[in-house]
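# Coordinate inspection notes
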Amino acid sequence: MVDFKNIIAKSKLYNFHSHTQFCDGHAAMEDFVKEAVSEGFTDYGFSPHSPIPFKSSCNMSKEAVNDYIAEYKRLKQLYGEKVNLYLSMEIDYLGDQWGASNEYFDSLPLDYRISSVHFIPSFVDNKMYIDIDGNFPAFVQKMKLYFNDDIRAVVESFYNQSLKMIEAGGFDIIGHFDKIGHNASHFKNGIEEEDWYRLLFKQLFEAIMDNHLIIEINTKAYVEHNRFFPNLKYFDMLKKSGAILLINSDAHRPSLINSGRFEAMRFLDLD
Ligand SMILES: [Zn+2]
Ligand SMILES: [Zn+2]
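Just so you know, the residues in each chain are numbered from 1, in the order the chain's sequence is written. For this description, chains carry letters from A and ligands carry numbers from 1, given in the order in which they are written. The predicted origin of the model limits local features to residues at a pLDDT of at least 70 and limits the giving and counting of side-chain atom pairs to 80 or more, whereas totals for whole chains, interfaces and linings rest on all residues. Hydrogens and water molecules were not included; the side-chain quantities draw on all heavy atoms of the structure.

Note on conventions: DSSP H or I runs of at least 4 residues are helices, E runs of at least 2 residues are strands, and numbering of each starts at the N terminus. Of regular secondary structure, the chain possesses 11 helices and 9 strands. C-alpha atoms define the radius of gyration, and 2.2 Å times the number of residues to the power 0.38 defines the globule rule. Relative to a compact globule of 271 residues, whose C-alpha radius of gyration would be 18 Å, the chain shows 18 Å and is just as compact. Each of the three principal axes of the chain carries a C-alpha extent, and together these read 50 × 45 × 35 Å. Buried positions account for 55% of the 271 residues belonging to the chain. We call two residues in contact whenever any of their non-hydrogen atoms come within 4.5 Å of each other. By sequence separation, contacts in the chain at least 24 residues apart represent 73% of the contacts at least 6 residues apart. Total accessible area on the chain stands at roughly 12,400 Å², and carbon and sulfur atoms take up 49% of it. Working definition: with a 1.4 Å probe on protein chains only, accessible area under 20% of the residue-type maximum means buried, over 50% means exposed, and in between means partly exposed. Per-residue and other accessible areas follow the Shrake-Rupley method at a 1.4 Å probe size, with only the shown protein chains counted as cover for residues.

Put into structure tokens, the structure is as follows:
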């Protein structure tokens, strides 16, 4: 297991969450490594969206996994003295059928594992998993098509999936753990302040702490949408929690490997 605690005690320039040509990223792995080296990063981890048991344009295919591992090894040979590189995946949790605890992932030489919820079952056909992580206009369409415009039930489903994901285990880092709050609060202003929402957040946070998971502060949307995952309003609580907090930019382009990092550090009094 990677010693995250030690790494972040010594370095402010690291990123353990990024997407490349192997999933929905917009550049080759090598371009991210070159950028990391030129920015003086100490540690850089790759986390393509894992294979899942149905077709998805965002996820890597099982067939591509060997190529991904081979490319990682090549880059480690080439750049390993300049930056510590890590092989990982951002693994989707899809209920009992698929997740980080699936034995498939034990067969891969991953240095650490991120687990995230991007899909929840449709209310119209619960065998269909719908990506609720995308941009807001797409989310609005899906709300109508698959979720009867019932935003509270969608939020509840997201948090329940997240709790079940923790129960199933098999991962180190929980990815962007209140991400649904972003689309949900655009759909219904103020939803995150409602009592039932706060209770769901609290339950999930307690489960994260009870299971000693590493918490990611995901900075991907900060510059464009002024939003961290988890939300800035929880940062005081996170600071006091004693959990390991990793600041990850979830970059899909090399130019964004630092996006939002220093702002998050400032809010966390780490600068
Ligand atoms: Zn994600
Ligand atoms: Zn990601």
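Next comes the rest of the description.
Right, let's get into the layout of surface pockets. Note on definitions: the grid is 1 Å and covers protein atoms alone; a cavity is a set of points where a 1.4 Å probe fits but cannot get out; a pocket is an open set with protein on both sides within 12 Å along at least five of seven lines; lining residues have an atom within 4 Å of a point. Grid points are joined across faces, edges and corners, and a volume is the space filled by probe spheres set on the points. Volume-wise, the largest pocket comes out at about 890 Å³. Of all the secondary-structure elements, those providing two or more residues to the lining of the largest pocket are strand S3 (84-92), helix H7 (180-187) and helix H9 (222-225). For the lining of the largest pocket, the element with the highest residue contribution is H7, accounting for 4 residues. Split by residue class, the lining of the largest pocket holds 10 nonpolar, 17 polar and 10 charged. A volume near 300 Å³ is recorded for the second largest pocket. Lining the second largest pocket are 15 residues, with Ile-8, Ala-243, Ile-244, Leu-245 and Leu-270 sitting closest to its centre. At the level of elements, helix H1 (4-10) and helix H10 (235-241) are the ones that each hand at least two residues to the lining of the second largest pocket. Looking at the lining of the second largest pocket element by element, the count peaks at 3 residues for H1. Three residue categories are used. Nonpolar comprises Ala, Val, Leu, Ile, Met, Phe, Trp, Tyr, Cys and Pro, charged comprises Asp, Glu, Lys and Arg, and polar comprises the others, including Gly.

A word on the side chain of Ser-162. Take Ser-162: it is sitting in helix H6 (residues 151-168). Excluding residues that lie within four positions of it along the chain, Ser-162 makes contacts with Val-117 and Leu-204.

Our focus in this paragraph is the packing of aromatic side chains. Pairing of aromatic rings covers Phe, Tyr and Trp, the last counted by its six-membered ring, and requires centre-to-centre distances within 6.5 Å; plane angles under 30 degrees mean stacked, over 60 mean edge-to-face, and any other angle means tilted. If you walk through the whole model with that rule in mind, you get 28 aromatic pairs. Between Phe-158 and Tyr-159, the aromatic rings sit 5.4 Å apart at their centres with planes inclined by 80°, giving edge-to-face as the arrangement. Just as Phe-158 is buried, Tyr-159 falls in that class too. Aromatic side chains Phe-177 and Phe-205 sit 6.5 Å apart centroid to centroid with 20° between the ring planes, which places their arrangement in the stacked category. Taken as a pair, Phe-177 in the loop between strand S7 (173-174) and H7 and Phe-205 in helix H8 (residues 195-210) lie far apart in primary sequence, 28 residues in all. For the pair shown, Phe-177 and Phe-205 are each scored as buried. Every member of this aromatic cluster is reached through a ring pair, and the members are Phe-4, Tyr-14, Phe-16, Tyr-86 and Tyr-112. Placement of a positive charge over a ring is assigned whenever Lys NZ or Arg CZ falls within 6 Å of the ring centre and within 35 degrees of the normal to the ring plane. The ring of Tyr-104 carries Lys-62 above its face, with NZ or CZ at 4.4 Å from the centroid. One Lys or Arg, Arg-261, reaches over the ring of Tyr-14 and ends 5.6 Å from the middle of that ring.

To continue, consider the pattern of salt bridges. Within this document, salt bridges are pairs made up of a side-chain nitrogen of Lys or Arg and a carboxyl oxygen of Asp or Glu, the two lying within 4 Å of each other. Tallied over the full model, the rule gives 13 salt bridges. Ionic pairing is found between Glu-30 and Arg-74, a salt bridge with its closest N-O pair at 2.6 Å. Of this pair, Glu-30 sits in helix H2 (residues 29-38) while Arg-74 sits in helix H3 (residues 65-79); the two residues are 44 residues apart in sequence, bridging distant segments of the chain. Looking at Arg-74, the relative accessible area reads 36%, which means it is partly exposed. We note a salt bridge from Arg-198 to Glu-193, for which the minimum N-O separation is 3.0 Å. Take Glu-193: its relative accessible area is 43%, and that puts it in the partly exposed class.

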